[in-house]
4 protein chains.
Amino acid sequence: MSTRKEPDEVEYLSGLFEGKTTGAPIAFLIRNKDAKTSDYENIKNVFRPSHADFTYQEKYGIRDYAGGGRGSARTLLPCVVAGAIAKQILTSQGIEIQSNVIQMGEEREKDTVGAVVQGIIKNAPVGLGEPAFMKFHAVLAHAMMSINAAKGFEIGEGFSAARMRGSECNDEFINDCGRIRTKTNHSGGVQGGITNGEDIVFNVAFKPIPSIMLPQQTVDIHGNPTTLEIQGRHDICVAPRVLPIVEAMAAMVTLDFILLKKCNKI
Amino acid sequence: MSTRKEPDEVEYLSGLFEGKTTGAPIAFLIRNKDAKTSDYENIKNVFRPSHADFTYQEKYGIRDYAGGGRGSARTLLPCVVAGAIAKQILTSQGIEIQSNVIQMGEEREKDTVGAVVQGIIKNAPVGLGEPAFMKFHAVLAHAMMSINAAKGFEIGEGFSAARMRGSECNDEFINDCGRIRTKTNHSGGVQGGITNGEDIVFNVAFKPIPSIMLPQQTVDIHGNPTTLEIQGRHDICVAPRVLPIVEAMAAMVTLDFILLKKCNKI
Amino acid sequence: MSTRKEPDEVEYLSGLFEGKTTGAPIAFLIRNKDAKTSDYENIKNVFRPSHADFTYQEKYGIRDYAGGGRGSARTLLPCVVAGAIAKQILTSQGIEIQSNVIQMGEEREKDTVGAVVQGIIKNAPVGLGEPAFMKFHAVLAHAMMSINAAKGFEIGEGFSAARMRGSECNDEFINDCGRIRTKTNHSGGVQGGITNGEDIVFNVAFKPIPSIMLPQQTVDIHGNPTTLEIQGRHDICVAPRVLPIVEAMAAMVTLDFILLKKCNKI
Amino acid sequence: MSTRKEPDEVEYLSGLFEGKTTGAPIAFLIRNKDAKTSDYENIKNVFRPSHADFTYQEKYGIRDYAGGGRGSARTLLPCVVAGAIAKQILTSQGIEIQSNVIQMGEEREKDTVGAVVQGIIKNAPVGLGEPAFMKFHAVLAHAMMSINAAKGFEIGEGFSAARMRGSECNDEFINDCGRIRTKTNHSGGVQGGITNGEDIVFNVAFKPIPSIMLPQQTVDIHGNPTTLEIQGRHDICVAPRVLPIVEAMAAMVTLDFILLKKCNKI
């Protein structure tokens, strides 16, 4: 779906010795070889609608317009690398993370579309999450809403739960061959902010990518009205490119809580 | 809607001197005068569906069953007090926080219903929120998902944005008498994780309260199937009781970011 | 040594259920029954030398003069309670914490004296402490220097090490019946910021209590020179009253690192 | 004093745009061009006395022996760069940081010596430091004790204060042309954990560098006694090489507190 070519090379700087992690932070470097400042010349002095141009300019008084700077989705690439390491550890414990695009608009001429991504964390242990303000799903929401273009998060039934009755939405407990489980999973694997051993199921809503190829009305950095026509190479939808990011964030959250849980009992 | 009588008295323990804050932490104490352990005797050995009984028991190996312990929504009361203090400060800066129940199920015999609450933060300054992992809406999501029974969060168009085209969803910039604003507010007041000066609009979805008056199948703490009939006094819906909590959390998040913003420039 | 009578009652507010910790924060309340505001009337408008009166007034623009407010050593009492709980856990793991006054001035008419306290943590496991900025002795220094009147901290040989040669100061490794230990303990049980299993030995220097009974030159809050004669009941030296505080702080630091160490390996 | 040649090049990776900071984190990379793994072959299987070899091996089960890995003082180089940036900002506010070697052993044949370094922070504003556990001197102690080979820290009179009477040690307040100051500065610029506007004066004790050229008794990683003769290029004393590190740490602590102070009042 993307027409950009971005071969990314990861150079590991620390934390590895003779093929093993040493316990030191694993630092790595990915150079952005694909940025062409010339591509961004025409947006240098213009605030692109629904981009971070205006807010960065106002907040910092300076804006790295080339490649979107720190507001660019490219800054999530290190998360994917870190998430891949987290996933290796989780896999060794039998924990699996999947994601799927469960809703996406149709491709449109010069326009972009939104999407909903579903993430599933399978075989996570019971007991992840810390009351009151480090609840598993609250931290997961924090992580997912940190992904560029994310506008909504729900766990289990999510917004659908708001239309249900308690008798419909409650997950009855059953004895499944000696293991206490729930008959249904409306909770999405989290009860009271703590994982219950069922699949952790969550959805993330993404808005359409704001870089559309159609002309748009906006203002320049001096406040003068202007028409913007974005050139360059842009995606039509964050999905499916965002799937590894969703999985990476989920992996890091899960692994963090697994480490925290080790401190639960002396 | 609630039949409980819970007169809560706040005793301030520190941080105030001759009617003014001193800069020391403001500690206060609210004693739970309403808890009757007898009310909870019949749930002492049973896991209530979609409550935190099972996950707390598994995580900690011990469970304070009286009043729901730390999993009880009553533990959010201090947030309301803290939020009230935060609101006073925000009000003095012209910032206003509102909330409304925008969706709620009909009252049903012995059953409970879910709801969607909308929060609006008005007149927040441009520039609140810190990339990459302290984005305003990500922290707001974290705070809102920390409220008991919250299952979903969205900012601006939220999940609706996933069904829109970029040309529909983008907020064009306009020059409004010298001030750069957006013509529409699909973004919900946040772009690139930083507030843009427009109303910050968000929704929180709440599931039905799990304590229904109907009989439910579940298991006891030994895994034996049992039928649970919850007695005691329980609400039918978190709304409207949850409104001051939503506003309190929003106030604290906003004030935190206002303080953080002070460090933005030397 | 103190002439004050301060019977302190601890009321536990949360975290305990039927005599056991539940995993929830243990909150407790100690009311300061001994404060007599009248005792402090004569210092209300005067900056006592080497007290925190001036700095608090300048920093906060308001000062709770009664009992010294937050700058009072009484605010360390909760640390002693928390430390006592930490010590119970450490004791169950065979870890012992001791402290002694190793230097103290002679009692003098209407004057106060300083002291040096030595703390020893015995049987702490190898491997506590996290490079680079959570080194065991750096965090211990942070904790000890947080105690009122502390002016110096040293681990092992400390300032004496600055006068030694490497060949004198180095701790040779030996094989002690199969266990690798050091022959001497100039390091004070910490090497590279990580405990090595030997006794952790540290000293804390305390200045004389600034509340002397002799007349002192100072200024009032308007900058006018004035002579201060402190009334009320005051100690002559922080030692031996400070010993349980030193032990409590050491216990909390040690227990924190024991919990952190659990996350060291997956 | 050092015979090593270590030309260090700093490559800035982010946070700068057209010669200005953008508000994004300033990432930079310094490659260790000087490490020769061959130099470390003979210590690969041996625990050097008073180095971090043993504690790292025990804690992590793996040890990057080349160049000392993360326990090496070279890892403080990024602190010097970060400190240089902090210093620029402080200088623009009239704040000055100095350091001097105030005590050092005589150079000895094949042996190493310790030192005491004094740091002075001039013109820091009144009001830096946060009670109760972020006191200025406690955080400064934490920072200084994080420097390799640091074994002691003192502020103002430090350990000397323990031998003084209150009447000697107290700093009387005076009115110096309308500004309230102290007549003496035994406190070292900090009272109650908060800076009072006087010079912040502190000392840091450094042990002799443990890498001596003399033969030493020790054990190998299997616990077998062995004699170690360290080859390679090593310094005789951390001073004066450590001065920029002490200044850098002091600069970062001071700037952190200046930023924190901005949040002091609404």
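Refer to the preceding data block for the structure.
Just so you know, these numbers come straight off a predicted model, no measurement behind them. (Residues numbered from 1 in each chain as written. Chains lettered and ligands numbered in written order. Predicted model: local features only at pLDDT ≥ 70, side-chain atom pairs only at ≥ 80, totals over all residues. Heavy atoms only, no water.)

Draft legend 1. Representation of the overall build of chain A within the structure. From N to C terminus, chain A includes five helices and 14 strands. Seen along its three principal axes, the alpha-carbon backbone of chain A occupies a region of about 65 × 55 × 35 Å. Put simply, chain A has 266 residues, and 53% of those count as buried. Long-range contacts, defined as pairs at least 24 residues apart, comprise 65% of the intrachain contacts of chain A with a sequence gap of at least 6. Across chain A, 29 positive and 30 negative side-chain charges occur, with their mean positions spaced 3 Å apart. (Helix = DSSP H or I, 4+ residues; strand = E, 2+ residues; numbered from the N terminus. Buried < 20%, exposed > 50% of the residue type's maximum accessible area, 1.4 Å probe, protein only. Contact = heavy atoms within 4.5 Å. Lys, Arg positive; Asp, Glu negative; His and termini not counted. Charge placed at Lys NZ, Arg CZ, Asp CG, Glu CD.)

Draft legend 2. Up close: the relation of the copies chain C and chain D. Expressed as a screw transformation, the operator carrying chain C onto chain D has a rotation angle of 180° and an axial translation of 0.0 Å, and the superposed copies differ by an RMSD of 0.0 Å. In symmetry terms, the pair is related by a two-fold rotation axis. (Least-squares fit on C-alpha atoms with pLDDT ≥ 70 in both.)

Draft legend 3. Structural view of the interface of chain C and chain D. Each partner contributes residues to the interface: chain C has 89 residues there, and chain D has 89 residues. For the pair chain C and chain D, the two sides together bury roughly 7100 Å², of which 59% comes from carbon and sulfur. Of all residues in chain C, Lys59, Lys151 and Phe173 of chain C bury the most surface against chain D, accounting for 11% of the area lost on that side. Here chain C and chain D share four salt bridges between them. The shortest N-O distance in the salt bridge between Lys59 of chain D and Glu130 of chain C comes to 2.9 Å. Run the count over chain C and chain D and you get 40 residue pairs in polar contact (both at pLDDT 80 or more). When its residues are assigned to classes, the side of chain C that touches chain D shows 41 nonpolar, 31 polar and 17 charged. Here strand 7 (residues 150-155) of chain C runs beside strand 7 (residues 150-155) of chain D; their pairing, made up of three bridges, is antiparallel. Its bridge partner being in strand 7 of chain D, Glu154 of chain C is matched across the sheet by Gly152 of chain D. (Buried area = accessible area lost by both parts, 1.4 Å probe. Salt bridge = Lys/Arg side-chain N within 4 Å of Asp/Glu carboxyl O. Polar contact = N/O pair within 3.5 Å; in protein donor to acceptor, adjacent residues only side chain to side chain. Nonpolar A, V, L, I, M, F, W, Y, C, P; charged D, E, K, R; others polar. Pairing = 2+ DSSP bridges.)

Draft legend 4. A look at the environment of Val101 of chain D. Residues and elements named next belong to chain D. Relative to the elements of secondary structure, Val101 occurs in strand 5 (residues 96-104). Judged by its relative accessible area of 31%, Val101 falls in the partly exposed class. Sequence-wise, Val101 and Gln118 are 17 residues apart; in three dimensions their C-alpha atoms are separated by 6.3 Å.

Draft legend 5. A look at the relation of the copies chain A and chain B. Structural alignment of chain A on chain B gives an RMSD of 0.0 Å, achieved by rotating through 180° and translating 0.0 Å along the axis. A symmetric contact is evident, with 100% of the interface residues of chain A recurring at the interface of chain B.

Draft legend 6. Quick peek at the sheet that holds strand 7 (residues 150-155) of chain A. Read from one edge to the other, the open sheet built from eight strands follows the order 5(A)-6(A)-12(A)-7(A)-7(B)-12(B)-6(B)-5(B), with strand pairing classed as antiparallel. In the strand order of this sheet, the two ends are held by strand 5 (96-104) of chain A together with strand 5 (96-104) of chain B, each with one partner. Taken pair by pair, the neighbouring strands of this sheet meet at an average axis angle of 20°, ignoring direction. Sheet analysis places strand 7 (residues 150-155) of chain B next to strand 12 (residues 200-206) of chain B, joined by five bridges and oriented antiparallel. Along strand 12 of chain B, the bridge assignment pairs Glu154 of chain B with Asn203 of chain B. Sheet contacts for helix 5 (residues 243-261) of chain A: strand 5, strand 6 (115-122) and strand 12 (200-206) of chain A; angle to strand 5 of chain A, the most-contacted strand, approximately 140°. (Axes fitted to C-alpha atoms, helices over the stretch in contact; angles between N-to-C directions.)

Draft legend 7. How the structure looks around the interface of chain A and chain B. Residue-level contacts link 89 residues of chain A with 89 residues of chain B. For the pair chain A and chain B, the summed buried surface comes to about 7100 Å²; carbon and sulfur atoms form 59% of the total. Per-residue buried area on chain A facing chain B is highest for Lys59, Lys151 and Phe173 of chain A; these three make up 11% of the total on that side. Put simply, chain A and chain B have four salt bridges between them. On the surface where chain A and chain B come into contact, there are 40 residue pairs in polar contact (both at pLDDT 80 or more).

Draft legend 8. Focus on the sheet that holds strand 6 (residues 115-122) of chain D. Taken in spatial order, the eight strands of this open sheet run 5(C)-6(C)-12(C)-7(C)-7(D)-12(D)-6(D)-5(D), and their pairing is antiparallel. Looking along the sheet, the strands with just one partner apiece sit at the ends: strand 5 (96-104) of chain C together with strand 5 of chain D. Each strand of the sheet is rotated relative to its neighbour by a mean of 20°, with strand direction disregarded. Note that strand 6 (residues 115-122) of chain C and strand 12 (residues 200-206) of chain C share seven bridges and pair antiparallel. Bridged to Gln118 of chain C within strand 12 of chain C is Asn203 of chain C.

Draft legend 9. Looking closely at the side chain of His51 of chain C. Locating His51 of chain C in the fold gives a position in the loop between strand 4 (28-30) and helix 1 (53-60). Taking the relative accessible area as the measure of exposure, His51 of chain C reaches 15% and is therefore buried. There is a polar contact of 2.7 Å between the side chain of His51 of chain C and the side chain of Ser211 of chain C. Other than its neighbours up to four places away in sequence, His51 of chain C contacts Pro210 and Ser211 of chain C together with Gln191 of chain D.

Draft legend 10. Spatial organisation of the pattern of salt bridges. Per the stated rule, a full pass over the model turns up 44 salt bridges over all chains. When the shortest N-O distance is used, the salt bridge between Glu168 of chain B and Arg165 of chain B registers 3.7 Å. Here Glu168 of chain B falls in the partly exposed class, since its relative accessible area comes to 35%. What emerges from the salt-bridge pattern is a single network uniting Arg48, Asp53 and Arg63 of chain A.

Draft legend 11. Inspection of the side chain of Lys151 of chain B at higher detail. If you trace the backbone, Lys151 of chain B turns up in strand 7. Despite being buried, Lys151 of chain B has no salt bridge partner; Asp171 of chain A is the closest side chain of opposite charge, sitting 6.9 Å away. If sequence neighbours within four positions are ignored, Lys151 of chain B has contacts with Phe153, Glu154, Ile155, Gly158, Ala161, His186, Ser187 and Val190 of chain A together with Met145, Ala205 and Lys207 of chain B.

Draft legend 12. Summary view of a nonpolar patch on the surface. Taken together, the side chains of Val10, Tyr12 and Leu16 of chain A make up a nonpolar region of the molecular surface, amounting to roughly 240 Å² of accessible area. Turning to its location among the elements, Tyr12 of chain A is positioned in strand 1 (residues 10-12). (Patch = residues over 30% accessible without salt bridge, like charges linked within 9 Å, V, L, I, M, F, W, Y side chains within 5 Å. Areas by Shrake-Rupley, 256 points an atom, 1.4 Å probe, with all protein chains shown as cover.)

Draft legend 13. Molecular detail of helix 1 (residues 53-60) of chain B. Helix 1 of chain B sits mainly inside the fold: six of its eight residues count as buried. Taken together, the buried positions of helix 1 of chain B are Asp53, Phe54, Thr55, Tyr56, Lys59 and Tyr60 of chain B. Looking at the buried side of helix 1 of chain B, the elements it contacts are strand 8 (173-176), strand 9 (179-182), strand 10 (190-191) and strand 11 (194-195) of chain A. Two residues or fewer after helix 1 of chain B comes Gly61 of chain B, characterised by a positive phi angle close to 75°.

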